[in-house]
Amino acid sequence: MKTEAKVAVVMGSNSDWDIMQNAVQILREFEVPFEAKVISAHRMPLDMADFGASAYENGFRAIIAGAGGAAHLPGMLAALTDIPVFGVPVPSKYLRGEDSLLSIVQMPKGVPVATFAIGDSGAINAALHAIANLAMHDLSLREKLIKYRKEQTEKARAMELPL
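Residues numbered from 1 in each chain as written. Predicted model: local features only at pLDDT ≥ 70, side-chain atom pairs only at ≥ 80, totals over all residues. Heavy atoms only, no water.

**Considering the overall build of the chain**
Helices and strands together make up the secondary structure of the chain, namely six helices and five strands. In the chain, the order of α-helices and β-strands from amino to carboxyl end is β-α-β-α-β-α-β-α-β-α-α. In terms of C-alpha radius of gyration, the chain reaches 16 Å, essentially the compact-globule figure of 15 Å for 163 residues. Summarising its shape, the C-alpha atoms of the chain cover approximately 50 × 45 × 30 Å along the three principal directions. For the chain, the residues scored as buried account for 42% of the 163 residues in total. Across the chain, every contact between residues at least 6 apart in sequence was considered, and the portion connecting residues at least 24 apart equals 66%. Within the structure as shown, the chain displays about 9300 Å² of accessible surface, and the carbon and sulfur contribution to it stands at 55%. Between the centroid of the 16 positive side chains of the chain and the centroid of its 18 negative side chains there is a distance of 3 Å. (Helix = DSSP H or I, 4+ residues; strand = E, 2+ residues; numbered from the N terminus. Rg over C-alpha atoms; globule rule 2.2 N^0.38 Å. Buried < 20%, exposed > 50% of the residue type's maximum accessible area, 1.4 Å probe, protein only. Contact = heavy atoms within 4.5 Å. Areas by Shrake-Rupley, 256 points an atom, 1.4 Å probe, with all protein chains shown as cover. Lys, Arg positive; Asp, Glu negative; His and termini not counted. Charge placed at Lys NZ, Arg CZ, Asp CG, Glu CD.)

Quick look at the structure:
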């Protein structure tokens, strides 16, 4: 069964784009429909609430939310929707993203956010995890994911050490 599900890639500020563009790149590579936008939990709380409450009805089946500092966006979206939220801690100026990581990962029981590594790897893995979830109902997407993982394995096998 093929799904026309979309993924939302949201961030608290356009300064988060350097990290979050990695998620977009993976979604493009897999030809997964997406929308990317700024939704600030602190500066646009009503927009955030509207987006989260209507995400499913608007065709989204996963939200990748990147945030730095206090990093409330992923958790607040998870509280507003029943679709999976994948949190990406964005490195902050003063605490290297450790503050972001702790803000996202410390969700209360019953309001889950799948939380990934700080920075580029986190954005890439969040996109791959969203794809893996969508691939459970989309055979062609599953085949692309299997191919991607085989290519990753072959790249690792081809690595040589400079001895």
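**What to know about the packing of helix H5 (residues 120–134) against helix H6 (residues 139–157)**
The interhelical angle for the contact between H5 and H6, taken along N-to-C directions, is 140 degrees, at an axis separation of 8 Å. What the angle tells us is that H5 and H6 run oblique. Here the hand of the crossing between H5 and H6 comes out left-handed. Of H6, the residues touching H5 (which contributes Leu128, Ile131, Ala132 and Leu134) are Leu141, Leu145, Tyr148 and Arg149. (Axes fitted to C-alpha atoms, helices over the stretch in contact; angles between N-to-C directions. Parallel < 35°, antiparallel > 145°, perpendicular 65-115°, else oblique. Left-handed = near helix turned anticlockwise from the far one by under 90°.)

**Notes on the environment of Met76**
By the element assignment, Met76 lies in helix H3 (residues 73–80). Once the C-alpha coordinates of Met76 and Val113 are considered, the two residues, 37 residues apart in sequence, prove to be 9.7 Å apart.

**Some thoughts on H6**
The α-helix advances 3.6 residues per turn, and as a result positions three or four apart in sequence lie on the same side. Taking 1.5 Å per residue, 19 residues should reach 27 Å; H6 reaches 27 Å between its end C-alpha atoms and fits that length. Tucked into the core, H6 has its buried residues touching helix H1 (17–29) and H5. (Expected span 1.5 Å × (residues − 1).)

**Section: the pairing of strand S1 (residues 6–11)**
Residues in a regular strand point their side chains to alternate faces of the sheet. Most of S1 sits out of view: six of its six residues are buried. Residues Lys6, Ala8 and Val10 point to one face of S1 and Val7, Val9 and Met11 to the other, with burial holding for every one of them. The sheet contact formed by S1 and strand S3 (residues 60–68) spans six bridges and is parallel. When the bridges of S3 are listed, Val9 appears paired with Ile64. The pairing of S1 with strand S2 (residues 34–38) spans five bridges and is classified as parallel. Within S2, the residue paired with Met11 across the bridge is Val38. (Pairing = 2+ DSSP bridges.)

**Focus on the packing of aromatic side chains**
All told, the structure shown has three aromatic pairs when counted by the stated rule. Each ring, one from Phe51 and one from Phe60, has its centre 5.5 Å from the other, and the planes form 55 degrees; the classification is tilted. The burial state of Phe51 is the same as that of Phe60; both residues are buried. When the ring of Phe86 is compared with that of Phe116, the centres are 6.2 Å apart and the planes differ by 50 degrees; the resulting orientation is tilted. Residue Phe86 is located in strand S4 (residues 85–90), and its partner Phe116 is located in the loop between strand S5 (114–115) and H5; the two are separated by 30 residues in the primary sequence. For the residue pair Phe86 and Phe116, the accessibility class agrees, reading buried in each case. The side chain of Lys6 reaches across the aromatic face of Phe60, ending 4.5 Å from its centre. (Phe/Tyr/Trp six-rings, centres within 6.5 Å; stacked < 30°, edge-to-face > 60°. Lys NZ or Arg CZ within 6 Å of the ring centre and 35° of its normal.)

**What to know about unusual backbone geometry**
One non-glycine residue, Glu31, lies in positive phi territory at about 60 degrees. Relative to the helices and strands, Glu31 is located in the loop between H1 and S2. The exposed category is assigned to Glu31, whose relative accessible area is 61%. The residue Arg96 is not glycine, and still its phi comes out positive at about 60 degrees.

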